[in-house]
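Overview (structure and organization)
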Amino acid sequence: MMENKPCRRELMDWINVVSFVVDDVKLFLDTHPGCEEALEYFEEFQKQRVEALKEYAKYYGPLTLDTAYTPEEYWCWIQEPWPWQEGGC
Amino acid sequence: MWNYEKRLQYPVKITHTNPKIAQVIITQFGGPDGELAASMRYLSQRYSMPYKEVMGTLTDIGTEELAHMEMICAIVHQLTRNLSVEELERSGFDKYYVDHTLALWPQAASGAPWTATYFQSKGDPITDLHEDMAAEQKARTTYDNILRLVKDPEVCDPIRFLREREIVHYQRFGECLRLTQEKLDSRNFYAVNPAFDSCPVK
């Protein structure tokens, strides 16, 4: 079966975007816990972040503990480059 | 507890090494207004903070500062990788190199080691929040100073991101201060320390 493999760079950029939204809205919600507009915004982007992290783990290795499921016989967590290295982020 | 996420909060991709500017930028790792001091300040202060909004803000900003520390370290690492002996002598990096080779170590641009005396954890919400707001402005000024010295757009880009976060954090701590004052006696905010004296909840 042909699989549509996403571009690694583009997927990582997208993860950075949706994660930033989640991070920033989270701080706003800490001091505005009843803001409905912010709550909706958070929910929407958190979903997209979870999906993108799963997608990334499937093709390019896990970025988080929760997506570190690995069907191979090798521990993928240490396989891919670390974020401060070339090709790592 | 914390879990590691294997990415930077904002990407750092630096092509050209520059050990001279690395010695300036390292101050945001281990200097007086750096990211390590910021994280330790907020994560230390949160235990005695009596209000849930402020506990949350200190936890989440304290966590984000760790991600900023990682970005600064990535910048310094990428600016100093694969240096030759000639390059590090020429740039004045030899004084750092002799003690740390090309490793990361938390120090100020002056070479002074990181110390917990860079921050305070006072146990009084109004006092601690004023310290936090001042800290964000001091870090913003440091980034402004760094940006005047940096010419490489690949270095400027993540530094600008970090500078902007200082402004957002300042805003959030300002809201925390307002929330704190709303819970206190408006005729005299200093009548009690809500983290120490028992006082009626408003």
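Because the structure is a prediction, the values reported are computed rather than measured. (Residues numbered from 1 in each chain as written. Chains lettered and ligands numbered in written order. Predicted model: local features only at pLDDT ≥ 70, side-chain atom pairs only at ≥ 80, totals over all residues. Heavy atoms only, no water.)

**Observations concerning the UniProt feature "binding site: Ca(2+)" (unreviewed entry) in chain B**
Rules: UniProt positions are given in the numbering used here, feature names are shortened, and annotations may be inferred rather than shown by experiment. Accessible area is worked out with a 1.4 Å probe on protein chains only. A residue is then buried under 20% of its type maximum, exposed over 50%, and partly exposed in between.
The UniProt record marks Asp60(B) with the feature "binding site: Ca(2+)" (unreviewed entry), using the residue numbering of this structure. Overall, the relative accessible area of 18% leaves Asp60(B) in the buried class.

**Focus: the nonpolar core**
Residues and elements named next belong to chain B. Filter applied, for reference: Nonpolar cores were defined as sets of buried Ala, Val, Leu, Ile, Met, Phe, Trp, Tyr and Cys residues, with membership established by side-chain atoms within 4.5 Å. Segments assigned H or I by DSSP are reported as helices when at least four residues long, segments assigned E as strands when at least two residues long, and all are numbered from the N terminus. Should any heavy atoms of two residues lie within 4.5 Å, those residues are considered in contact.
Counting residues in each nonpolar core, the largest one holds 29 residues, and the members touching the most others are Ile25, Ile72, Ile75, Leu79, Val155 and Ile159. Looking at this core, the elements with two or more residues in it are α1 (19-25), α4 (52-80), α7 (125-149) and α8 (153-182). For this core, the element with the highest residue contribution is α4, accounting for 8 residues. Excluding residues within four positions of it along the chain, Ile159 makes contact with Ile25, Ile72, Ile75, Tyr143, Ile146 and Leu147. Listed in part, the 16 residues of the second largest apolar core include Leu58, Ile126, Ala135 and Cys176.

**Digging into the UniProt feature "binding site: Mn(2+)" (unreviewed entry) in chain B**
Residues and elements named next belong to chain B. Cut-off, in case you're wondering: Between N or O atoms, a polar contact is any pair within 3.5 Å; within protein, one atom must be a potential hydrogen donor and the other a potential acceptor, and residues adjacent in sequence are included only when both atoms are from side chains.
UniProt annotation of "binding site: Mn(2+)" (unreviewed entry) refers to Glu35, Glu65, His68, Glu136 and His169 when read in the numbering used here. Taken together, the annotated residues stretch across 135 residues yet fold into one region, lying no more than 12.8 Å apart by C-alpha. Within the secondary structure layout, Glu136 lies in helix α7. Those residues within four positions of Glu136 in sequence are excluded, and the remaining contacts are Tyr42, Ile61, Glu65, Arg165, Glu166, His169, Tyr170 and Phe173. Assignment of secondary structure puts His169 in helix α8. Assessed through its relative accessible area of 0%, His169 is described here as buried. One polar contact links His169 to Glu64, side chain to side chain, over a distance of 3.2 Å.

**Points about α4(B)**
All names here are of chain B. How we decide: A helix's residues, less one, multiplied by 1.5 Å, set its expected span.
In a regular helix each residue adds 1.5 Å, so 29 residues correspond to 42 Å; α4 covers 42 Å between its end C-alpha atoms and thus fits that length. Among the 29 residues in α4, 22 count as buried, and that is most of the element. Following α4 by one or two positions, Asn82 adopts a phi angle in the positive range, close to 50 degrees.

**As for the interface of chain A and chain B**
Where we set the bar: The quantity reported as buried area is the accessible area (1.4 Å probe) lost by two parts once they are put together, taken as the sum for both. By salt bridge we mean one thing: a side-chain nitrogen of Lys or Arg within 4 Å of a carboxyl oxygen of Asp or Glu. Residues are sorted three ways: Asp, Glu, Lys and Arg are charged, Ala, Val, Leu, Ile, Met, Phe, Trp, Tyr, Cys and Pro are nonpolar, and all the rest, Gly among them, are polar.
If you look at the interface, chain A gives 30 residues, while chain B gives 29 residues. The junction of chain A with chain B conceals about 2,500 Å² of combined surface from both sides, 55% of it contributed by carbon and sulfur atoms. There are 2 salt bridges connecting chain A and chain B. Notably, a salt bridge pairs Arg49(A) with Glu5(B), separated by 2.8 Å at the nearest N-O pair. Our enumeration of links across chain A and chain B arrives at 9 residue pairs in polar contact (both at pLDDT 80 or more). Where the side of chain A that touches chain B is concerned, the elements lending two or more residues are α1 (8-31) and α2 (36-60) of chain A. Residues that form the side of chain A that touches chain B fall into these classes: 17 nonpolar, 5 polar and 8 charged.

**Observations regarding the pattern of salt bridges**
Scanning the model with the defined rule gives 16 salt bridges over all chains in all. The shortest N-O distance in the salt bridge between Lys26(A) and Asp23(A) comes to 3.3 Å. Separated by 3 residues within a single helix, Lys26(A) and Asp23(A) lie in helix α1, roughly one turn from each other. Note that Arg7(B) is salt-bridged to Glu5(B), the shortest N-O span being 2.6 Å. Just as Arg7(B) is buried, Glu5(B) falls in that class too. By sharing partners, the salt bridges in this structure join Asp24(A), Glu64(B) and Arg165(B) into a single network.

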